[in-house]
Amino acid sequence: MRIHGFVLGLLLASPAALASPSPFVSAGPDPSDDILAITATGPEAVQRGLRLAAESGDAEAQLRLGYRYEAGDGVDRDLAEAVRWYRMAAEQGSAQGQAYLGDMYRDGAGVARDDIEAVRWYRLSAAQGYDRGQTYLGYMYQDGRGVERSEAAAVRLYRLAAEQGYAPAQVSLGYMSENGRGTPPDTAAAAYWYGRAAEAGSAAGRRLLGNLYTSGRGVPRNDAEAVRLYRLAAEQGNAEARTNLGWMYEVGRGVAEDQAEAVRQYRLAAEQGLARAQTNLAFMYDSGHGVAQDAAEAVRWYRRAAAQGYARAEAELGAMYNDGRGVAEDDAKAMRWYRLAAKQGYAEAQNAVGILYDTGQGVAEDDAEAVRWYRLAADQGYDHARSNLAWMYEHGRGVAKDEAEAARLYRLAADQGLARARTDLGDLYRDGRGVPRDDAEAVRWYRLAAEQGYARAEANLGWMHEHGRGVAEDDAEALRWYRRSADRGYAYSQVNLGRMYEEGRGTAQNDVKALRLYRLAADQDDARGAYHLGRHFKTGRGVAQDDAEALRWFRIAAEKGDAEAQNELGIAYETGRGVLRDEIEAVIWFARSLAEQDDAPRYAAALLGARSPTAKVAAALRLLAALGYASDDAAAAFRQAEGLPMSDDVDDALLIALARKARSSGHGS
């Protein structure tokens, strides 16, 4: 009997794709079992005798001769000639010949592709009870080729062939049972049919039964049994089984963890062209697991898988371009690859596309488009996208501000264990935004995230202990959480921990340690760290007093929007300490400090109000010029544009509004 080799796809492929063989990868009839009593020896004599029998009308000989022309076995390959001999056998009523002729019409091999004609021949074969004809007619019903699509009809045909022991039909029937296609979902039935196929030596049956053992569906979970089945199928050359076996070695399930063996199995499957294996192999090169780390080699394998349209590989290739790993950093190319994967519905890539629109990397910044992509990924249950979408609702970016909706979305991701979402949800409870204020609930969410090692949650939990919000005030406990977060390099906690050392709260007072922590934060471009460094240089605490160095750090912090540092710059220009005295520049920095609103120092308004009217007018003109208002009535034009009360005077409110506008427009003083 003609036996085709399996070419199995992903688990979510149709049964036809799972079990349908290539028409040109087959084991032909055994010449030693020839029905002809050919006494002559040698391949030419066998071929001559076979042709004589075929020409005399022997259907079995016609089948064998057709196969030889199809496979190029002993003759030049000639698909049209194969069709001619299969047709002769089929027209004599040979069920095998009818099935093989159906193959040729289905695949357009040696004859024009014609699904209706393929179905006709498969139906004739199936009507004779031929298991292969039944199975292939089932594929046509499953895919709706040449016949109205009917998964129920496909199941009925698969069952007829499966009960005759035909392994491809058993595999397909198992698949349909597992996934509820044409029959109610029944993983126990799937396990039974996969098991029947596995016992018959089917690599596909072994692999799919291994999957059930891995997940504990239809059978008790048994990783060791899954490994055994994967290994048997892998030894038969099944690429999917090799990939699954590689994964079991990678994570140490059912077998001792062995990254090098995982790489070996992935490579075998990758060289067979399996995109999933190529992607896994690329990951191993990217991470240096089981093989020397090599980002360029990772890119090469990701690219091979991406060329097949494999979404995860496209997304990973986008990440390589985004990060500049193994290729030159290129946001536009990152976006192109992310988008290809996103259009296939790959949630991680949809989230990445949203981030690029959110941040304006590789594409014009577009909050509405970011929201659209975040939503697509969030609707698939991707927790990072839920958290990102929640942030957009929280801040009114690309969507109407809705803190209650943000809290719902954060909770969905938080309930799945996403530390960032837990922290953001804690913030909403702490501040009473979108949910009733509840410090104890805030602490609960912070603690859950902090116990996952999330630095921002540790910092927030430290703050709650420091201020007695939701927990008893406890400087030592605050110090402990700040230290955990600071040790992870979180600048906010480095500053807070430095402050605890400086003030001797929860620990012995130590200016040197405080200064070191402030510098660590400042080196990360943290404005508060830079401000506190400037303060120490100004006063000489833990370091030699140095006005110029103090001014340098104040300016760094001020340019980043730190109101205290802006106020200190104003004082420096007012007094000429560390810089040439300049009352106009002092006015501008005082106004900028007040433009920061809630973060403004309490005494900044008094400092601004005490400046001379002449300095204020000059400062206003300088700010107006920076904003492009150059006419004689510049102040009036600015007031009108910003909706401010009209007045001929340069008051503090005008200066603060000018400073705020300059800040939002990216203009310095």
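Residues numbered from 1 in each chain as written. Predicted model: local features only at pLDDT ≥ 70, side-chain atom pairs only at ≥ 80, totals over all residues. Heavy atoms only, no water.

**Q** What's the story with the packing of aromatic side chains in this structure? I'm lost.
**A** Note on aromatic pairs: each is described by the distance of the centres and the angle between the planes. Scanning the entire structure with this criterion turns up eight aromatic pairs. Summarising the aromatic geometry, the rings of tyrosine 192 and tryptophan 193 are spaced 4.9 Å apart at their centres and angled 75 degrees between planes, so their arrangement reads as edge-to-face. Judged by its relative accessible area of 46%, tyrosine 192 falls in the partly exposed class. Residue classification places tryptophan 193 among the buried residues on the basis of a relative accessible area of 7%. Residues tyrosine 490 and tyrosine 492 carry aromatic rings whose centres are separated by 6.3 Å and whose planes lie at 55 degrees to one another, so their mutual orientation is tilted. Judged by relative accessible area, which is 26%, tyrosine 492 ranks as partly exposed. Taken together, the ring pairs in this structure connect Tyr122, Tyr136, Tyr139 and Tyr158 into an aromatic cluster. (Phe/Tyr/Trp six-rings, centres within 6.5 Å; stacked < 30°, edge-to-face > 60°. Buried < 20%, exposed > 50% of the residue type's maximum accessible area, 1.4 Å probe, protein only.)

**Q** In this structure, what is going on with the side chain of serine 125? I would like to understand it.
**A** Here serine 125 is to be found in helix α6 (residues 115-127). The contact partners of serine 125, leaving out residues within four places of it in the chain, are Ala95, Gln98, Ala99, Tyr130 and Gly133. (Helix = DSSP H or I, 4+ residues; strand = E, 2+ residues; numbered from the N terminus. Contact = heavy atoms within 4.5 Å.)

**Q** Help me understand the packing of helix α11 (residues 203-215) against helix α12 (residues 223-235), please; the structure alone is not making it clear to me.
**A** Taken N-terminus to C-terminus, the directions of α11 and α12 make an angle of 160 degrees; their axes are 8 Å apart at the nearest point. Between α11 and α12, the crossing angle belongs to the class labelled roughly antiparallel. Regarding α11 and α12, the two cross each other, and that crossing is left-handed. Contact residues: α11 offers Ala203, Arg206, Arg207, Leu209, Gly210, Asn211, Tyr213 and Thr214, while α12 offers Asp223, Glu225, Ala226, Leu229, Tyr230, Leu232 and Ala233. (Axes fitted to C-alpha atoms, helices over the stretch in contact; angles between N-to-C directions. Parallel < 35°, antiparallel > 145°, perpendicular 65-115°, else oblique. Left-handed = near helix turned anticlockwise from the far one by under 90°.)

**Q** Quick question: what am I supposed to make of the side chain of glutamine 98 here?
**A** Along the polypeptide, glutamine 98 turns up in helix α5 (residues 95-107). We classify glutamine 98 as buried; its relative accessible area is 5%. Within the local environment of glutamine 98, its side chain forms a polar contact with the backbone oxygen of alanine 90, the two atoms lying 3.4 Å apart. For glutamine 98, the contacting residues outside a window of four places in its chain are Ala90, Gly93, Trp121, Tyr122, Leu124, Ser125 and Gln128. (Polar contact = N/O pair within 3.5 Å; in protein donor to acceptor, adjacent residues only side chain to side chain.)

**Q** When you look at the pattern of salt bridges in this model, what are you seeing that I'm missing?
**A** Side chains that carry opposite charge are capable of pairing whenever their charged atoms lie near each other. Counted under the stated rule, the structure contains 56 salt bridges. A salt bridge links arginine 300 to glutamate 297; the nearest nitrogen and oxygen atoms lie 2.8 Å apart. Highlighted residues: arginine 300 and glutamate 297, both in helix α16 (residues 295-306), separated by three residues, approximately one helical turn. Under the relative-accessibility criterion, glutamate 297 is labelled buried at 18%. Between arginine 433 and glutamate 403 there is a salt bridge; the shortest N-O distance is 3.3 Å. With arginine 433 in the loop between α23 (419-431) and α24 (439-450) and glutamate 403 in helix α22 (residues 403-415), the pair connects residues that are 30 residues apart, well separated along the chain. Residues joined by salt bridges that share partners form a network here, namely Glu394, Lys401, Glu403, Arg420, Asp424, Asp427, Arg430, Asp431, Arg433 and Arg456. (Salt bridge = Lys/Arg side-chain N within 4 Å of Asp/Glu carboxyl O.)

**Q** Quick question: what am I supposed to make of the packing of α23 against helix α25 (residues 455-467) here?
**A** Helix-helix packing: each pair is described by the crossing angle between the helix axes and the interaxial distance. In contact at an axis separation of 9 Å, α23 and α25 are set at 30 degrees when each is read in the N-to-C sense. The orientation of α23 with respect to α25, classified from their angle, is roughly parallel. The handedness of the crossing between α23 and α25 comes out as left-handed. Of α25, the residues touching α23 (which contributes Arg420, Thr423, Asp424, Asp427 and Arg430) are Arg456, Ala457, Asn460, Trp463 and Met464. For the contact of α23 with α25, the class distribution of residues is three nonpolar, two polar and five charged. (Nonpolar A, V, L, I, M, F, W, Y, C, P; charged D, E, K, R; others polar.)

**Q** So what exactly am I meant to see when it comes to helix α20 (residues 367-378) here?
**A** Residues that lie three or four places apart on an α-helix share one face, since the helix turns once every 3.6 residues. For α20, which comprises 12 residues, the first-to-last C-alpha distance of 16 Å matches the rise-based estimate of 16 Å (1.5 Å per residue) to within 8%. For α20, the full list of buried residues reads Glu369, Ala370, Val371, Trp373, Tyr374, Ala377 and Ala378. The elements touched by buried residues of α20 are α18 (331-343), α19 (347-359) and α21 (383-395). Its side-chain oxygen at 3.2 Å from the backbone nitrogen of alanine 368, aspartate 366 defines the N-terminal cap of α20. (Expected span 1.5 Å × (residues − 1).)

**Q** Whenever I open this one, unusual backbone geometry confuses me. Can you help?
**A** Leave glycine aside and you will find that most residues have negative phi; peptide bonds, for their part, are mostly trans. A positive phi is found at aspartate 525, a non-glycine position, where the angle reads about 65 degrees. The residue aspartate 525 is located in the loop between α28 (511-522) and α29 (527-539) in this model.

**Q** How should I be thinking about the confidence of the model for the chain in this particular structure?
**A** Any residue range with low pLDDT should be treated as having predicted coordinates unsuitable for detailed reading. Per-residue confidence for the chain gives a mean pLDDT of 91; residues scoring 70 or more make up 93%. Here residues 1-17 scores under 50 on pLDDT; set against residues more than four positions off or in separate chains, the count is 71 contacts. For residues 19-40, every residue scores under 50 in pLDDT, and the model assigns this stretch 58 contacts once sequence neighbours within four places are set aside. (pLDDT = per-residue confidence, 0-100.)

**Q** Would you take a moment to explain the environment of leucine 461 for this structure?
**A** Mapping leucine 461 onto the fold places it in helix α25. Each C-alpha atom, one on leucine 461 and one on arginine 541, is 29 Å from the other, the two residues being 80 residues apart in sequence.

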